[in-house]
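Coordinate analysis (summary)
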Amino acid sequence: MAKVAGRFARVEPRRRARAFVLGLLADLPRKNCWTIAEHAGDASPAGMQHLLSRASWDADHVRDDIRAFVVEHLADQDAVLVVDETGDLKKGTASVGVQRQYTGTAGRIENSQVAVYLVYSSPAGHAAIDRRLYIPRSWTQDPDRCRVAGIPEEVGFATKPALATEMIAQALDADVPAAWVTGDEVYGGDPHLSAELEKRRIGYVLAVSRKRPITTHAGVFPAGVLAHGLPKKAWQRLSAGAGAKGHRFYDWAQVDIASPPSSAGHRWLLVRRNRRTGELAFYRCYSARPVPLTALVKVAGRRWTVEEAFQSAKGLAGLDEHQVRRWVSWHRWTTLAMLAQAFLAVTAAIERSGTPTPGLAPLTYSEIRRLFTALITQPARSLAHRLRWSDWRRRHQARARASHYQRQAAQQP
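The text that follows walks through the structure, step by step, so that each part is easy to find.

Parameters at a glance
- Residues numbered from 1 in each chain as written.
- Predicted model: local features only at pLDDT ≥ 70, side-chain atom pairs only at ≥ 80, totals over all residues.
- Heavy atoms only, no water.
- Helix = DSSP H or I, 4+ residues; strand = E, 2+ residues; numbered from the N terminus.
- Rg over C-alpha atoms; globule rule 2.2 N^0.38 Å.
- Buried < 20%, exposed > 50% of the residue type's maximum accessible area, 1.4 Å probe, protein only.
- Areas by Shrake-Rupley, 256 points an atom, 1.4 Å probe, with all protein chains shown as cover.
- Lys, Arg positive; Asp, Glu negative; His and termini not counted.
- Charge placed at Lys NZ, Arg CZ, Asp CG, Glu CD.
- Core = buried A, V, L, I, M, F, W, Y, C linked by side-chain atoms within 4.5 Å.
- Contact = heavy atoms within 4.5 Å.
- Salt bridge = Lys/Arg side-chain N within 4 Å of Asp/Glu carboxyl O.
- Phe/Tyr/Trp six-rings, centres within 6.5 Å; stacked < 30°, edge-to-face > 60°.
- Lys NZ or Arg CZ within 6 Å of the ring centre and 35° of its normal.
- Pairing = 2+ DSSP bridges.
- Axes fitted to C-alpha atoms, helices over the stretch in contact; angles between N-to-C directions.
- Parallel < 35°, antiparallel > 145°, perpendicular 65-115°, else oblique.
- Nonpolar A, V, L, I, M, F, W, Y, C, P; charged D, E, K, R; others polar.
- Arc of directions from axis to C-beta.
- Patch = residues over 30% accessible without salt bridge, like charges linked within 9 Å, V, L, I, M, F, W, Y side chains within 5 Å.

1. Brief notes about the overall build of the chain
- When you go through the chain residue by residue, the secondary structure sums to 15 helices and 12 strands.
- In terms of overall dimensions, the chain is globule-like: its C-alpha atoms have a radius of gyration of 24 Å, near the 22 Å expected for 413 residues.
- Each principal axis of the C-alpha atoms in the chain carries an extent, and together these give about 75 × 65 × 40 Å.
- Taking all 413 residues of the chain together, 47% fall into the buried category.
- Carbon together with sulfur atoms contributes 51% to the accessible area of the chain, which is approximately 21200 Å² in total.
- If you average the places of the 59 positive and of the 38 negative side-chain charges in the chain, the two averages end up 5 Å apart.

2. Regarding the nonpolar core
- Leu81, Trp252 and Leu270 are the most contacted members of the largest nonpolar core, which has 110 residues in total.
- It is helix α13 (residues 327–352) that contributes the most residues to this core, 14 residues altogether.
- Ignoring any residue separated from it by four or fewer positions in sequence, one finds Leu270 in contact with Val205, Trp252, Ala253, Ala281, Phe282, Tyr283, Cys285, Leu293, Leu296, Val297 and Ala300.

3. Side note on the environment of Ile129
- Assignment of secondary structure puts Ile129 in strand β4 (residues 125–133).
- We classify Ile129 as buried; its relative accessible area is 1%.
- Here the alpha-carbon distance between Ile129 and Arg272, two residues 143 residues apart in the chain, equals 28 Å.
- Excluding its chain neighbours within four sequence positions, the residues that come into contact with Ile129 are Arg63, Arg67, Val70, Leu81, Leu118, Tyr120 and Met338.

4. Comments concerning the pattern of salt bridges
- In this structure the tally under the stated criterion is 20 salt bridges.
- The partner of Arg275 in a salt bridge is Asp251, with the nearest N and O atoms 3.5 Å apart. With Arg275 in the loop between β11 (266–273) and β12 (280–287) and Asp251 in strand β10 (residues 246–256), this pair connects stretches of sequence that are 24 residues apart.
- With relative accessibility at 14%, the residue Asp251 sits in the buried group.
- Because the salt bridges share partners, they merge into one network encompassing Asp60, Arg63, Asp64, Arg67, Asp130, Arg131, Arg132 and Glu166.

5. Observations regarding the side chain of Thr165
- Examined against the element boundaries, Thr165 turns out to sit in helix α7 (residues 160–173).
- Not counting chain neighbours up to four residues away, the residues in contact with Thr165 comprise Leu193 and Glu196.

6. Some words on the packing of aromatic side chains
- Enumeration over the complete set of coordinates arrives at 9 aromatic pairs.
- A network of ring pairs unites the aromatic residues Tyr250, Trp252, Tyr283 and Trp304 as a single cluster.
- Residue placement shows Arg237 over the ring face of Phe249; its charged tip is 4.5 Å from the ring centre.
- Directly above the aromatic system of Tyr250 lies the positively charged group of Arg272, at a separation of 4.7 Å from the ring centroid.

7. With respect to the pairing of strand β8 (residues 219–222)
- Here strand β7 (residues 213–216) runs beside β8; their pairing, made up of 4 bridges, is antiparallel. Looking at the pairing, Pro213 lines up with Pro222 of β8.
- In sequence, β7 turns back onto β8 through a hairpin of 2 residues.

8. Topic: helix α11 (residues 293–302)
- Of all 10 residues that make up α11, 7 are buried, and the element is covered over most of its length.
- All of the buried residues in α11 are Leu293, Leu296, Val297, Val299, Ala300, Gly301 and Arg302.

9. Considering the environment of Pro161
- As for its position among the elements, Pro161 is in helix α7.
- Once residues within four sequence positions are removed from consideration, Pro161 is found in contact with Val186, Tyr187 and Asp190.

10. A few points about the packing of helix α3 (residues 46–53) against α13
- Relative orientation of the contacting elements α3 and α13 amounts to 105°, with a least axis distance of 7 Å. By the angle between their directions, the pair α3 and α13 is classed as roughly perpendicular. Facing α3, whose interface residues are His50, Leu51, Leu52 and Ser53, α13 presents Val328, Ser329, Arg332, Trp333 and Leu336.
- Its residues assigned to classes, the contact of α3 with α13 comprises 5 nonpolar, 3 polar and 1 charged.

11. Things to note about helix α14 (residues 365–377)
- Taken together, the buried positions of α14 are Tyr365, Ile368, Arg369, Phe372, Thr373 and Thr377. All buried residues of α14 fall inside an arc of 130° around its axis, so they share one side. For α14, exposure combined with an orientation more than 90 degrees from the buried face picks out Ala374 and Leu375.
- Each element contacted by the buried residues of α14 is listed here: α1 (11–25), α2 (33–40), β4, α12 (305–317) and α13.

12. What about a nonpolar patch on the surface?
- Taken together, the side chains of Leu371, Leu375 and Ile376 define a hydrophobic patch exposed on the protein surface, amounting to about 320 Å² of accessible area.
- Tracing the backbone shows Ile376 in helix α14.

And the structure:
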């Protein structure tokens, strides 16, 4: 918390932010302003709600400190910046950016918010260092709706790859050490993202569809057609990295791509084949200098770390449990959840950098949080405190129920 303390001008929000992060790391059944305030010992959720909505502090400045904190402990010159989006399922239409849209969280079109994240991934560990909330056209074309949700007037529609490009450029301008960028087909199909990376001479391994036209020295062919024409000797069995059950072995092949006459660097099509099912995946690759197939495979394998980052941020730090509706509150909740997840990632990296204990597996994020909660943050609250919160919840629920019945009666013909 000392890394971000200077971003809070007054001591009250500084202390409340610390209590909020401790609540995010606590083993609570649900994480919202009510449960976090009760965990912190507050008499009501008003203070936590004030922290997220009206207190004077800038979430983007705290985001900058989180990025510096992660880089300080996980930095590597060959690190990979991973971009991906994740959705939070929502009810109603008032939450900022919500609409019916596809989200990988549900695997289908649902009423949800979608945000794009940038994860710093190195051999030491990985953690989210930036975020952008995706605002659909249905919102940006409705100024009144944006105004009610607190969206700044200068925020216009931007595609997910455009948001990713903005985050990557901001990280590189801040001298974040990284040599590669990777992402799925949403980002691999965007020409502006790859052009920006080539301009900065940053390598990339971006997924593309099997129908993607690929320009080779022999002509233009869909990626899937090129893969089926490869000889048997073109394939190599390589590991995409260690998983929960050991190394993830696939068959890989590398095809040279013709570069535009005015462009420097080297380009390839990377093909991955599942050794059991034969399913193919394709990646468009670039590097300012020649690199072996093993280097491209290593970067492609790093893309899975974003899923691990989402899993830990949601499952352990409450990233997706917010019940906020406005622009400022969403960014503040998300930033503090990123801080909690960065704490777990850095702690794991520090613990694993020492001499391992024979017979014991390395500490996981979950085990670190379990020990931290049990030994450091477990509150000792009196019976009176518990009963006061029970009364507060029941009183609030009674008022909400009465208001609902009144609105329902007023709508009757």
